[in-house]
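Summary of structural features
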Amino acid sequence: MTRKEQVVNDVLIAMRVHLTAQVMTILQDVLIQAMHGVEVVEEQTALATQDVTNDYIIELFNAKKAPKLSERTAEQYLRHINLLIDVIHKPLTQISENDVEYFLMKYRKKGNINRTVNNCKRFISAFFTWMRKSKLITENPCENIDRYKETRKPIEHLEPEQWEQLKTGCKSIRDRALLEFLRCTAMRDGEVPAVRVCDVDWYDGKIVIFGHKTDRYRLVCIDRVAKEYLLQYLQERGINQSSREPLFIARGTHKALKRTGIYSAVKHIAARAGMEVNVYPHLIRKTTATNIIKRGGDSEKAGDYLGHVEQNTANQYYTYKSDDYIINIFRSYVAAV
């Protein structure tokens with residue numbers, strides 16, 4: 001890390017507590033532009049050392065990388081890197097491949113399954129990759145560590161009779177509207193809070209949403225069943241279809257039902273229904289994807305409707321898939337018959 005890069009980093013760290021994540025990103029771009037072509041030279045009396053303690057690195061991560069990630073992802077980066085630091089009492093700049101392997105072995109011996117250990121390693125590796133790109137280290141110590149072998153389980157989903165049982169746990173119109181909305185749209189629970197009432201095309205049942213994980217917009221739909229319960233829910237709240245209120249609100253407020261609230265609502269519905277399987281919002285998303293396959297679709301159509309990022313270069317950059325294509329998937333494989 002050059003002295004100029006450290007100056008930029010120090011400014012970002014100092015301003016992080018005063019600015020929003022969006023403004024921090026703008027500030028970083030402004031500093032890079034302002035410092036382009038500028039040479040920073042140490043004063044003769046200054047010490048030529050750089051403060052690269054673990055605290056400094058984490059502060060730098062919060063200032064530069066975290067604003068570009070979802071809040072949940074940034075928390076996962078930091079949670080796992082702090083777990084590593086708690087076991088390996090060394091500066092992050094000095095942690096070796098052997099250190100990481102030792103930590104993962106200890107983490108596994110605590111009873112964590114191989115999949116959980118691999119996820120832990122993935123977040124730690126991503127943090128070290130950011131450090132390497134930030135010129136804090138020259139190599140990622142996780143790069144040559146093999147994954148633990150995972151036993152692939154069948155994809156979890158709800159069978160039709162289980163879905164019918166789940167609906168019996170709804171004690172309010174909001175409960176049923178939420179279940180039907182998640183079934184139709186297959187949205188991630190973290191995407192739902194941003195949807196407003198006026199975002200829904202109540203005639204055609206179309207909604208353009210922002211996928212926070214893929215960082216792009218996509219089309220989802222609701223069918224007649226979901227629309228019926230959603231309209232009852234709006235009527236109960238006393239608002240019209242052009243309202244700018246969140247589509248789902250926390251009880252007793254006009255604020256959006258947050259991701260944690262959606263998770264809690266689904267868990268309570270499942271508990272009241274006496275479900276023997278573990279039910280959570282993402283399970284409904286998996287169920288919609290599975291139903292697309294069961295009703296004659298294929299994995300590509302399921303991925304397209306769920307908004308998965310294309311891995312194929314041609315599909316990413318050269319193949320245009322229109323709204324009609326998505327609507328046809330919905331009507332053929334998702335909508336209630």
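What comes next concerns the included structure.

Procedures and definitions
Residues numbered from 1 in each chain as written. Predicted model: local features only at pLDDT ≥ 70, side-chain atom pairs only at ≥ 80, totals over all residues. Heavy atoms only, no water. Helix = DSSP H or I, 4+ residues; strand = E, 2+ residues; numbered from the N terminus. Buried < 20%, exposed > 50% of the residue type's maximum accessible area, 1.4 Å probe, protein only. Contact = heavy atoms within 4.5 Å. Areas by Shrake-Rupley, 256 points an atom, 1.4 Å probe, with all protein chains shown as cover. Lys, Arg positive; Asp, Glu negative; His and termini not counted. Charge placed at Lys NZ, Arg CZ, Asp CG, Glu CD. Salt bridge = Lys/Arg side-chain N within 4 Å of Asp/Glu carboxyl O. Expected span 1.5 Å × (residues − 1). Pairing = 2+ DSSP bridges.

**Thoughts on the overall build of the chain**
- Secondary structure summary: the chain contains 14 helices and three strands in total.
- Each principal axis of the C-alpha atoms in the chain carries an extent, and together these give about 75 × 45 × 45 Å.
- Relative to its 337 residues, the chain shows a buried fraction of 43%.
- Of all intrachain contacts in the chain linking residues separated by at least 6 positions in sequence, the fraction that spans at least 24 positions is 65%.
- Summing over all exposed atoms, the chain offers an accessible surface of approximately 19700 Å²; the carbon and sulfur share of this is 50%.
- Here the chain carries 51 positive and 42 negative side-chain charges, and the mean point of each set is 4 Å from the other.

**Brief notes about the pattern of salt bridges**
- Scanning the entire structure with this criterion turns up 16 salt bridges.
- Residues R196 and D199 are paired through a salt bridge, measuring 3.1 Å at the closest nitrogen-oxygen approach.
- Among the residues examined, R196 registers a relative accessible area of 26% and is labelled partly exposed.
- The structure contains a network of salt bridges with shared partners spanning R176, E180, R183 and D223.

**With respect to helix α12 (residues 299–306)**
- The complete set of buried residues in α12 reads A302, G303, D304, Y305 and L306.
- Buried-residue contacts for α12 involve α8 (173–185), β3 (216–221), α11 (281–294) and α14 (323–333).
- In the segment just after α12, G307 is the residue with positive phi, at about 80°.

**Some thoughts on α11**
- Over its 14 residues, α11 runs 20 Å from end to end, which matches the ideal 20 Å to within 8%, given 1.5 Å per residue.
- Turning to α11, its buried residues are P281, L283, I284, R285, T287, T288, A289, T290 and I292.
- In the stretch just after α11, G296 is the one whose phi turns positive, near 110°.

**Quick look at unusual backbone geometry**
- Its identity is not glycine, yet K135 carries a phi of approximately 65°, on the positive side.
- Position of K135 among the secondary structure elements: in the loop between α6 (114–133) and α7 (160–167).
- Non-glycine residue A186 carries a positive phi angle of around 55°.
- Mapped onto the elements of the fold, A186 is located in the loop between α8 and β1 (200–201).

**What to know about the pairing of strand β2 (residues 206–211)**
- Every second residue of β2 is oriented toward a common face, the buried set being I207, I209 and G211 and the non-buried set K206, V208 and F210.
- Inspection of the sheet shows β1 paired to β2 by two bridges, in the antiparallel sense. Bridged to D201 within β2 is K206.
- Linkage of β1 to β2, two consecutive antiparallel strands, is achieved through a turn of four residues, within which G205 is found at a positive phi near 75°.
- Bridge analysis of β2 against β3 gives six bridges, and the strand direction is antiparallel. Residue I207 lies in a different strand from β3, and its bridge partner there is V220.
- Hairpin remark: β2 followed by β3, antiparallel, with four residues in the connecting loop; positive phi at D215, about 60°.

The values reported here are purely geometric and, on their own, carry no functional implication.
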